[in-house]
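An overview of the molecular structure
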Amino acid sequence: MAEPAAKSSKYDVIVVGSGPAGISAAINVANRKRTVAVMGGQAPFGRSRKAHSIPNYPGFTFASGEELAAAFMRHLEEFDVPLIGDKVSKIIRAEDEFVVFSEREVYHAGAVVLATGVYREAEIEGEEELVGQGVSYCVTCDGRLFAGRRGAFISYAPQGEEEASALAEDYGVEVTYLPLYQGDYRLPEGVRVLPGARPTRLARVDGHMRVSLPGEDLQVDAVFIYKNSVSPRTLLEGLASDGRHVTVNRHMETGVPGVFAAGDCTGEPYQIAKAVGEGQVAALHAVRFLRERTEIASRDVV
Ligand SMILES: Cc1cc2nc3c(=O)[nH]c(=O)nc-3n(C[C@H](O)[C@H](O)[C@H](O)COP(=O)(O)OP(=O)(O)OC[C@H]3O[C@@H](n4cnc5c(N)ncnc54)[C@H](O)[C@@H]3O)c2cc1C
């Protein structure tokens, strides 16, 4: 199962997503003797695990999803690749590296492979346009900006409670928590909880954020959102996509230098063999990207 902690926070390549595409990418990076970590390891091989019988993955005739998952995990372990449980909420391009934010930690990588699977969660009206202008998916990245102010926290899953608690306790934000799930809601005192209040629209009005709820409007300074997956478009600025799928070329390059994508997140067919193949192509080009950058840097020094 997933390791709770990484061995390091700096890798040559970080792979975001632990399905077949991500595992294939990581094995291929490790095989080229580069350091690599896979993020999103709470339920590795998540979707494919549910398959009762997989008829078309070569070499594993009618294996179940669980059997194939076990074989992939053994392979990953053989290469000693760390599997980090955290979900990635934001990636920022810095001068010569990428800064990868999870709920708990900050990681650094020379190149990134996105292997996040199909993005399925519906967006709230106004959500996408306001990312970075009042809407955030990352308390670690943006909580500080709203210290001491008012925030709405929309959460699709109980894991959001920890994030909302950090927003309230670490940054002193006056939090209204809007859970889109049923639960016990373990939150610090002072956090207002509005169960069942499903937001219908987010808007920026007179420098504030307005959250439209059935029967009332909430006025806050920021809206934080916790989802099980983050749309590729909002994960990294400058990434071209059609909304559901990241746009890539035959090298699995995304158009953001150093960022590659593989698997269901690049488009149909949604199939394991296609995901694994793309994972390999992405990995090999990520390694080439790192090598070329090192060569350029050493030429510049001479
Ligand atoms: C029931 C079922 C049966 C199937 N049967 C077959 C079959 O017989 N043959 C076949 O070829 N295919 C089958 N498929 C399809 C196959 O499962 C997918 O095509 C394959 O899993 C795609 O792999 P992937 O790595 O691209 O994405 P996924 O397997 O979806 O993995 C993506 C991973 O990324 C993680 N992730 C997402 N966002 C983040 C983030 N921000 N940070 C960290 N991690 C993140 C997700 O949690 C997930 O674990 C089946 C699918 C299902 C559901």
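Here the structure is a predicted model, which means the values were calculated and not measured.

Observations concerning the pattern of salt bridges
Across all of its chains, the model carries 11 salt bridges by this definition. One salt bridge connects Lys10 with Glu97, and the closest N-O pair in it is separated by 3.4 Å. Taken as a pair, Lys10 in strand E1 (residues 10–16) and Glu97 in the loop between strand E4 (88–93) and strand E5 (98–102) lie far apart in primary sequence, 87 residues in all. The salt bridge involving Arg149 is made with Asp221; its shortest N-O contact spans 3.7 Å. Of this pair, Arg149 sits in the loop between helix H4 (139–142) and strand E8 (150–155) while Asp221 is found in the loop between strand E13 (216–220) and strand E14 (222–226), placing the two residues 72 residues apart along the sequence. Asp221 gets classed as buried once you look at its relative accessible area, which sits at 9%. One continuous salt-bridge network, built from bridges that share partners, spans Arg149, Arg150 and Asp221.

So, the domain arrangement of the protein chain
Split by domain assignment, the protein chain resolves into domain 1 (10–120 + 230–301) and domain 2 (128–226). When each unit is reduced to the centre of its C-alpha atoms, the spacing between domain 1 and domain 2 is 30 Å. Each side of the interface is counted separately: domain 1 has 11 residues, and domain 2 has 10 residues. A buried area of about 880 Å², summed over both sides, lies between domain 1 and domain 2, and 58% of it is on carbon and sulfur atoms. Counting the contacts that link domain 1 with domain 2 gives one salt bridge. Close ionic contact of Lys90 with Asp142 constitutes a salt bridge, the shortest N to O distance being 3.5 Å. Summed over the shared surface of domain 1 and domain 2, the number is two residue pairs in polar contact (both at pLDDT 80 or more). Considering only residue class, the side of domain 1 that touches domain 2 consists of three nonpolar, three polar and five charged.

Examining the site of the ligand
In the region of the ligand, 26 residues are neighbours, and Ser48, Asn56, Val88, Asp264 and Ile272 sit closest. Tyr270 is positioned such that a nitrogen or oxygen atom in its backbone is 3.3 Å from an oxygen atom of the ligand. With the chains in place, 83% of the 990 Å² that the ligand exposes on its own is no longer accessible. Mapped by element, the contributors of at least two residues to the shell around the ligand are helix H1 (20–31), helix H2 (46–49) and helix H7 (272–301). In terms of residue class, the shell around the ligand is built from 12 nonpolar, 10 polar and four charged.

Each value, and the rule that gives it
- Residues numbered from 1 in each chain as written.
- Predicted model: local features only at pLDDT ≥ 70, side-chain atom pairs only at ≥ 80, totals over all residues.
- Heavy atoms only, no water.
- Salt bridge = Lys/Arg side-chain N within 4 Å of Asp/Glu carboxyl O.
- Helix = DSSP H or I, 4+ residues; strand = E, 2+ residues; numbered from the N terminus.
- Buried < 20%, exposed > 50% of the residue type's maximum accessible area, 1.4 Å probe, protein only.
- Domains from an automatic or database assignment.
- Contact = heavy atoms within 4.5 Å.
- Buried area = accessible area lost by both parts, 1.4 Å probe.
- Polar contact = N/O pair within 3.5 Å; in protein donor to acceptor, adjacent residues only side chain to side chain.
- Nonpolar A, V, L, I, M, F, W, Y, C, P; charged D, E, K, R; others polar.
- Near = heavy atom within 4 Å.
- Areas by Shrake-Rupley, 256 points an atom, 1.4 Å probe, with all protein chains shown as cover.

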